Every structure is written in C-alpha cells, then in structure tokens.
Amino acid sequence: MDKIKLAVYWASSCGGCDIAIVELGEHLLELEQVADLVFWPAAMDFKYRDVEEMLDGSIDVTLFNGGIRTESDARIARLLRTKSKYLIAFGSCAMEGCIPALANVQGIDRALQRAAIETPSTVNPSGALPTSVTLAPEGELTLPMLCDLLRPLGQIVPVDYTIPGCPPNHDQVWSALQAVLAGSLPARGTLLGVDRLTVCDQCPRVRSGKVRIDRFRRTHELIPDTERCLLEQGLVCAGPATHAGCGALCVKANMPCRGCYGPPEGVADQGAALLGAIVAAMDGQSDAETQRVLGTIVDPVGTFYRFSLGTSFLQQLKASALGADTCDAQGAEDDA
C-alpha cells in the first residue's frame, strides 16, 4: 500500500499540539510505516518553497495547529489549503482561537505594549516596539505583519475536520489518525476523536443540586473535596458547557474543567452556555444575590471565553466594528 502524505504545521501557537503528536509514543513507529511526513517545520528542516513546489492536492492530510495572528500565518494557511486534500484544524488555537485570542479584547497595540514593554522579564529601556520593516546596516529586516484580530483557521480557509483540545489528548489524536489511515472519516465538518457528551456527563463527582453558592473562588484559594461537584464548591468549572473527549482529566486531578475542548454540539457560544449553567446551578437564590455572587468571578471574559473567544458572538461584534482585516487585504493581494 502506498503511504499517505502527511503534513503538520504550527501557526501562532505554543508548540503543545506538536508535543501531543510526539506523545503518540510507539504509535509513531506504526505511523511511519503508513505515512510520509512531507512537511513538519517544528520537527525537521523544511522550507516553504518545498510546499509551494508540490502539486495542488498532493498532501493527503495536514494537521494545522495555532491561530492566525500574522499575515504569514494566513498565507501559509491558504497555501496548505490548496495543497491538501484534507485540512484539519488541530487543537484549540486552530479551532477557536484559544487563550491568544483574548488579546482581541484590547487589540494588537495593547498586546504589543504589554509583551514588549510591560512584562517583568522584559528589558526595553528605549520602549521600542516590533515593526514589520526595520532598516539596519545589513539591509532591510522584516517581520510578518500582525492581523487586526487573532482568528481560528476556519475563519481564513475552509476546514474539513477539527480535533479539539489544548492540546488534544494523544489517545484522541491516534484515534483520529487511524480513521484517516483507514479511510473511514465521517462527513466533513465534524469533530474527530470525541463523543456527543459533555465533560459534565463524564464527570464522576456527586452533584446534590441543593448547595447555596456564597461566592466563587480561584483554584489557589481552596483545596476542593475530591468527591463533590466543583461548581457546587464555588469553583467555575466549564464541564457543563464543554465537549467531552479528554477523559475529564482536569476534574479527575481535582481541578475544574477549563473548557479547552470547545462547546458541545448545538451550542453556538460556549461562554454564554457556561454562564447559563452557572446561573442554573444557583436556582433558588434571589436575583440580587445571584448578581452579587457572579460579581465575585475574577476576569469574566478570561473565565467564560478562555478558549472560545475567537468563535464567540463577542468576536463577531468586534470583527464587524473593525471592518476589513489587514490580513484579508493581504490575502486579496496575494490572490491577485
């Protein structure tokens, strides 16, 4: 049997999704027998021109991780879309923007100010900010232009499948790759390696439904009971509004679900769904008391939309207010 051609790419990401592939362990040996890695810059020395010279559609499957933060990310996304039969959004950043998309709240200027000047580990006495073009004695130095918003892959090019997670669980990755290798992929547009339940459905903890929540606490403020529902203990747990597939690893480790597998099927806005679940858990408390308790949640946007801001209604409003994105304009120039 001819080997399939497999590509893996990282856009603006932390590298955790590439590590998830390495965590396949001995399955990597099985994968090597049936697939040729034709592009994986995080692991081997490849050049973009290697991909540009490939025939359109010659890559069987591309696992694309990371969000679209720069015009370079957008350009390579379009290139790999053209060269790939199946383009898979791999991990939360590619799927929904993930934590980096939280920078969209205050915009790229604020993000640059924070990263280049204000962070405690940064020494930048002149207050210089990165620019796309810098003149130096050696010549013109360039950096990719930042997009106005960090966006998930599916907002730049059509995506065939999605594997959620930050990062995806390695067992889930192997299950999805087996479906690819066996030619048993489901209908395009579906999630791979997950089931139809929520994390809450798979959670072994006991929910009484009769607990009065006095205030919400951050994870460092208490050691939770290992048997009781974390939400009923005053910890924001995203389990009711998060797709299952990870094996409920966080809650089994006595930590609340963070929401990295995205919303369950049929849910358009994960943050709104989580807020609704929290309010429902406070049934019986007065409206004034509910408002007061919700006010104890630190950083509501970062809590409810930690991973999904890039696909939220809030993002849609922000994008509508901004108008055409700089990276959209760049893409139009490239197509021309």
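Up top is the structure.
Presented here is an overview of the structure given in this document.

So, how was this worked out
- Residues numbered from 1 in each chain as written.
- Predicted model: local features only at pLDDT ≥ 70, side-chain atom pairs only at ≥ 80, totals over all residues.
- Heavy atoms only, no water.
- Disulfide = S-S within 2.5 Å.
- Helix = DSSP H or I, 4+ residues; strand = E, 2+ residues; numbered from the N terminus.
- Buried < 20%, exposed > 50% of the residue type's maximum accessible area, 1.4 Å probe, protein only.
- 1 Å grid on protein atoms, 1.4 Å probe; cavity = no way out; pocket = protein on both sides within 12 Å on 5 of 7 lines; lining within 4 Å.
- Points joined across faces, edges and corners; volume = space filled by probe spheres on them.
- Nonpolar A, V, L, I, M, F, W, Y, C, P; charged D, E, K, R; others polar.
- Pairing = 2+ DSSP bridges.
- Axes fitted to C-alpha atoms, helices over the stretch in contact; angles between N-to-C directions.
- Phe/Tyr/Trp six-rings, centres within 6.5 Å; stacked < 30°, edge-to-face > 60°.
- Lys NZ or Arg CZ within 6 Å of the ring centre and 35° of its normal.
- Patch = residues over 30% accessible without salt bridge, like charges linked within 9 Å, V, L, I, M, F, W, Y side chains within 5 Å.
- Areas by Shrake-Rupley, 256 points an atom, 1.4 Å probe, with all protein chains shown as cover.
- Salt bridge = Lys/Arg side-chain N within 4 Å of Asp/Glu carboxyl O.

## Thoughts on the state of the cysteines
Throughout the structure, instances matching the rule amount to 1 disulfide. There is a disulfide in this structure between Cys147 and Cys327, and the S-S distance comes to 1.8 Å. Across the S-S bond linking Cys147 and Cys327, the dihedral sits near -95 degrees, which makes this disulfide left-handed. On the criterion of sequence distance, the pair formed by Cys147 in strand E8 (residues 146-151) and Cys327 in helix H14 (residues 326-335) is long-range, its members being 180 residues apart. Neither Cys147 nor Cys327 differs from the other in exposure class; each is buried. The thiol of Cys14 is not disulfide-bonded; the next cysteine sulfur, from Cys166, is found 5.9 Å away. Taking the relative accessible area as the measure of exposure, Cys14 reaches 73% and is therefore exposed. Not engaged in a disulfide, the cysteine Cys257 finds its nearest cysteine sulfur in Cys237; these two sulfurs lie 5.3 Å apart.

## What about the layout of surface pockets?
Each pocket or cavity is described by its volume, and for the largest pocket that value is around 410 Å³. Taken together, 22 residues line the largest pocket, and the ones lying closest to its centre are Arg218, Thr219, Val236, Thr303 and Arg306. Looking at the lining of the largest pocket, its residues break down into 11 nonpolar, 5 polar and 6 charged.

## Some details on the sheet that holds strand E1 (residues 4-10)
Taken together, 5 strands build an open sheet; the order of strands is E2-E1-E3-E5-E9 and the sheet is parallel. Two strands close off the open sheet at either side, each with one partner strand: strand E2 (35-39) and strand E9 (161-163). Ignoring strand direction, the axes of neighbouring strands in this sheet form an average angle of 30 degrees. One ladder, built from 4 bridges, connects E1 with E2; its direction is parallel. Bridge pairing in E2 places Leu6 opposite Leu37.

## Considering unusual backbone geometry
Geometrically, the link from Cys166 to Pro167 is a cis peptide bond, its omega value of -10 degrees lying close to zero. Following the sequence through the fold, Pro167 ends up in the loop between E9 and helix H7 (170-182). The phi angle at Asn254 is positive, at roughly 70 degrees, despite the residue not being glycine. Given a relative accessible area of 15%, Asn254 falls into the buried group. In this model, Asp299 sits at a positive phi of 55 degrees, which is unusual for a non-glycine residue. If you trace the backbone, Asp299 turns up in the loop between helix H11 (287-294) and helix H12 (300-304). Overall, Asp299 belongs to the partly exposed group, its relative accessible area being 46%.

## As for the packing of aromatic side chains
The tally for this structure, following the rule as stated, stands at 6 aromatic pairs. Pairing Phe39 with Phe46 gives two aromatic rings, centres 5.9 Å apart and planes at 70 degrees, and the pair type is edge-to-face. Relative to Tyr161, the ring of Tyr86 has its centre 6.0 Å away and its plane inclined at 45 degrees; by these criteria the two rings are tilted. Taken as a pair, Tyr86 in strand E5 (residues 84-90) and Tyr161 in strand E9 lie far apart in primary sequence, 75 residues in all. In this structure Tyr161 comes out as buried when scored by relative accessible area, which is 3%. Connected via pairs of aromatic rings, a cluster forms that spans Tyr9, Phe39, Phe46, Tyr48 and Phe64. The ring of Tyr48 carries Arg75 above its face, with NZ or CZ at 5.9 Å from the centroid.

## A few points about a nonpolar patch on the surface
On the surface, a cluster of nonpolar side chains totalling about 330 Å² of accessible area is made up of Val105, Val301, Leu314 and Leu317. Residue position: Val301 is located in helix H12.

## What about the pairing of strand E6 (residues 133-136)?
Regular strands place side chains that alternate from one sheet face to the opposite one. Where E6 meets strand E7 (residues 139-142), 4 bridges bridge the pair, whose relative direction is antiparallel. By the bridge assignment, Thr134 is partnered in E7 with Leu141. Hairpin connection from E6 to E7: 2 residues lie between these consecutive antiparallel strands.

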